[in-house]
Every structure is written in structure tokens, then in C-alpha cells.
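A closer look at the structure
Letter by letter, the chains look like this.
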Amino acid sequence: MEKLISRTLTILIFLTAAVFAQTETRRWSEKKADYKIPEISERNYSIDDSSVMMSLVSGFQYAYYFLISDYDGDNCPFTPTCSNFFVQSVKRTNIFQGALMFADRFTRDLNFIERDKYPRSQDGKLIDLPRNYELEESDIVILPKRSDGEKK
Amino acid sequence: MRFFRFFFLLLLFTAAVRGQSKAVNPLFSVSNRVKFAAHLFETEDYIRAFDEYRALLTETPDDTLRLAAGLALRNLGRFDEAEDYLKGLFFFSRLKNYAKTEFLKTEFIRGNYSDFINLSGESFYRPDTFSVGIKRLKYFTYLILPETEITDSAEFVSGFAENQRRVISKFYSVKKRPDRKDELLAAALSAVIPGAGKIYTEDYSDGIVAFIFSGLFYGLAAHNFAIDKNAKGALFAGIGLFFHAGSVYGSATSAQIYNARKRFEFESKLIEYARKEKYFLPDAEKLFIKK
């Protein structure tokens, strides 16, 4: 049983890596020169001390940045990213609801088959707002999908 | 001396005949500018059309030009300014009925449905000549507003023109029996089988992933419990439970998102249809665009 699970898991990881991994050719392909000064977005590691719970949540977020995000790179297909989604969810609701929202988002993140249902942002990320998952139907925002002619 | 006189007269004559004059240049005549503004409006260049109408209005105050300027602003989404232009025609204007109707139409277009219904009930905003069209648009607004109930379907549909009734009946049926998913049922289904609720809400791939992911951890937990590795078993069971709970919660939100999306699609179709039917009202654009 354990062998079967570990084999399935290995195949799944291998498959995900094979489909979504950055390729050398893509990385080194020709690019147009852009002389604009890039925006520097450094992570802010200060602890949110608005409440004990938020301190714990921001601690969890920085641990996630340090252990996973920094090595993974900018590969989360969603905006906001999963860790930001979790923090925003807890801020907007409470720790229990926020944790459930995160568990659901994390599972949806693993679904690499059907991603066309999310609208895309200007930089090609899938827009998935926490406000749509707060069990308030009237607050749900349905964003129109970008048409094929628009720049991705 | 004669030669100089002759030369001087020739110069004067040429200047008088060929000289440029704003007054006689037909390119900038009022009628030409009106035509040009109408052309810009027709080609949907509303910014420049409005600039032309505004420039014309400073020189030639005219009700039709004022109406055209208001409609150009409306098409640009500058609703408050558009309504100000239209309000200027409410009294003592030969186009006051058009102005009031276009004002109501603007309220509808900008999504102020409750205001539109309230104003259309007032006789001031409901000129007799356009009352049928206004009534149709009011009925149509009932389809858009989620909280309104339409009891008598026959009376509702018969309020529209013969060629519109088939489509209106379809919209009425959707309004009466909307395609909705029950969030509690979705959550209950996922509580029994992880991801089943998402399959119910037609998020098939999310449902399958949720089932595999939770099942994987439950499987690991069961195996570890079976070989007496209880601590590992409890850890995997906890992780499995966490994602299972997320799947239950996610199924409820998925049902809500499904319902909201269906509502959004329905509203978009309604607005598209209203636009196609010119909001059931006479087309005031015909007053300044000869189509």
C-alpha cells in the first residue's frame, strides 16, 4: 500500500515538474531590452502585532517564505499567492475560517488541469480573491475573463 | 503711373476675391461642423464628437446639439455630466420628452435600477408618447433585480411587443427557476466523499484533486495504523482531515460561486438584449444622425 502511494506521489511530482518546470531554452531565449528601472519588492519580515493570532499567522507566512517560496521562485500560478491568500483570509475572517479557505485554495492550486476558469491578471497570474470564499454570496465578484485578443 | 494704378487695382481685386475669410469658408460653417460631429458620433468617436458639440453650443445654442452632447457623454460613461445636459432640456424645449426618456434610459444603463423604477413611476418623467416603451423597460428591470417577484407571467409577457415575447418568456423562465446549486448539499456531499460536492457544482477537476489529495493522506494514515505506527498514522489522519474539512468548506463556496456566475451571465444576457432592442424606447440618435 505504502509503495503504491509513494509511487503515485513520485509520478505526480515528476509529472508536475515536467509540465511546469522552467526550461533552459525559455530562460535564455531572446528578450526585448527594457530600460525601465525595475520595481524592487523586498519582503517585509516584520511581525504583525495587531493580535496574537496575526503574529502567529505572519510567523507562519515568513516560515513559508523562507522554507518554500524563496526556493520555489515566482512559480505560484495565483494572485494573491497561497501564503498571501492565507494571511488575507485570516485578516478578513478568523483563524478557523481562514485555515479552511487556505486548505481549499491549496487543493485547488494542485489542480493543473483546469485553470481556464480563473480570469488572468496583466502578468498572466490567475486571479483568485479571498472575498469570494467568505460564504457571502452577495460579496462575490465575478471578473470577466480576458478575451483571446488581449495581451497576456 | 497708369501702370501702377492698374497693378494696385489688380492686387486689391485678387485679395478681395481670393482672400481667406472665416465668414465665407464653408469648411467651418455651422452646418458642416454639425455634420462632422454627427459623423464622429456615428463612428463612435464620442470624445471628439462631444468636443464638437460643446464648441457648437457656445456659438449656436440648440436643443438637438445639447441632446447629442448628452448622449455622447453617456456613451463615454460620464453619466452625471450626461444627465446634467439632459436636465437642461426638461423645460421649455421641443425635445423635452426625448430628454426625459433619455434621462431614464441613462439611469438604467448606469445600473441605478431602483432609481429608474422610482422615476419611471412619476408622470413628469413618463411622457404619454413614450409611456409604452418606458413600461416595457420597467418590466424588463424586474427581470434584472434579484429581489423582485413577478407573479403573473401572462400579463408580464404581454406587455412586450409581439416579436419580443418569445425571448422575454425565456428570460422569465430563467428568472423564475434559476439554475442554482445548494451550498448545504454541496458541503454534505463533500463531507461524505471528499470532493463530491465540487463535482456536484461542476468543478470536476477540483473535486477529483480534492478526493485524491485527502484520500492519499487517509490511505497513509490507515496503513500506518495497520502496522501500529500510531503517531505517524495520527499525523497523516490530521493532515487528511484538514484538507477534507477544506474540501467541505470549498464545496459550499464553490456552490455560491456557481450561483453568482450564473446570475452574472443572466444579467449580462439581459443587458445585451436590452441594448439590442434600444431599451424598448425610440432612438433619439436618429434626431441628429441620418442612418
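Here the structure is a predicted model, which is why all the values come from computation and not from measurement.

This paragraph deals with the overall build of chain A. The number of helices and strands found in chain A is five helices and two strands. Along its sequence from the N terminus, chain A presents helices and strands in the succession α-α-α-β-α-α-β. Per-residue burial for chain A yields a buried fraction of 15% across its 152 residues. Pairs at least 24 apart in sequence give 51% of the contacts found in chain A among residues at least 6 apart.

Often, the extent of an interface is quoted as the loss of accessible area upon association of its parts. Tallying the contact residues gives 18 residues for chain A and 24 residues for chain B. Of all the secondary-structure elements, those providing two or more residues to the side of chain A that touches chain B are α1 (2-20) and α5 (95-110) of chain A. Of the residues forming the side of chain A that touches chain B, the biggest block, six residues, is contributed by α5(A). Along the lines of polarity and charge, the residues of the side of chain A that touches chain B split into 10 nonpolar, three polar and five charged.

Let us look at the nonpolar core. Core analysis: the largest hydrophobic core is formed by 32 residues, its most contacted members being B:Tyr53, B:Leu67, B:Ala68, B:Ala69 and B:Ala72. Among the elements of the structure, α2 (30-42), α3 (46-59), α4 (63-75), α5 (79-87), α6 (96-109) and α8 (131-144) of chain B are those that each provide at least two residues to this core. Top contributing element to this core by residue count: α4(B), with seven residues. In this structure, B:Ala69 is in contact with B:Phe50, B:Tyr53, B:Arg54, B:Leu57 and B:Tyr85, ignoring residues within four places of it in sequence. In this structure, A:Phe85, A:Val87, A:Met101 and B:Ile257 belong to the second largest nonpolar core, which totals 31 residues.

On to the packing of α4(B) against α5(B), then. Residue and element names in this part refer to chain B. Between α4 and α5, the least distance of the axes is 8 Å, while the angle of their chain directions is 165°. By the criterion of interaxial angle, the relationship of α4 to α5 is roughly antiparallel. Our pair here, α4 against α5, has a crossing hand that is left-handed. Contacts between α4 and α5 pair Arg-66, Ala-69, Gly-70, Leu-73 and Arg-74 from the former with Phe-79, Glu-81, Ala-82, Tyr-85 and Leu-86 from the latter.

The domains assigned to chain B are domain 1 (28-112) and domain 2 (183-273). The C-alpha centroid of domain 2 of chain B is placed 54 Å from the C-alpha centroid of domain 1 of chain B.

Residue and element names in this part refer to chain B. With respect to the helices, strands and loops of the structure, Thr-43 is situated in the loop between α2 and α3. Exposure remark for Thr-43: the 10 C-beta atoms within 10 Å place this residue in the exposed category. Taking C-alpha positions, Thr-43 is 18 Å from Arg-78, a pair spaced 35 residues apart along the chain.

Rules and cut-offs
Residues numbered from 1 in each chain as written. Chains lettered and ligands numbered in written order. Predicted model: local features only at pLDDT ≥ 70, side-chain atom pairs only at ≥ 80, totals over all residues. Helix = DSSP H or I, 4+ residues; strand = E, 2+ residues; numbered from the N terminus. Buried ≥ 20, exposed ≤ 12 C-beta atoms within 10 Å, placed from the backbone. Contact = placed C-beta atoms within 7 Å. Nonpolar A, V, L, I, M, F, W, Y, C, P; charged D, E, K, R; others polar. Core = buried A, V, L, I, M, F, W, Y, C linked by C-beta atoms within 7 Å. Axes fitted to C-alpha atoms, helices over the stretch in contact; angles between N-to-C directions. Parallel < 35°, antiparallel > 145°, perpendicular 65-115°, else oblique. Left-handed = near helix turned anticlockwise from the far one by under 90°. Domains from an automatic or database assignment.

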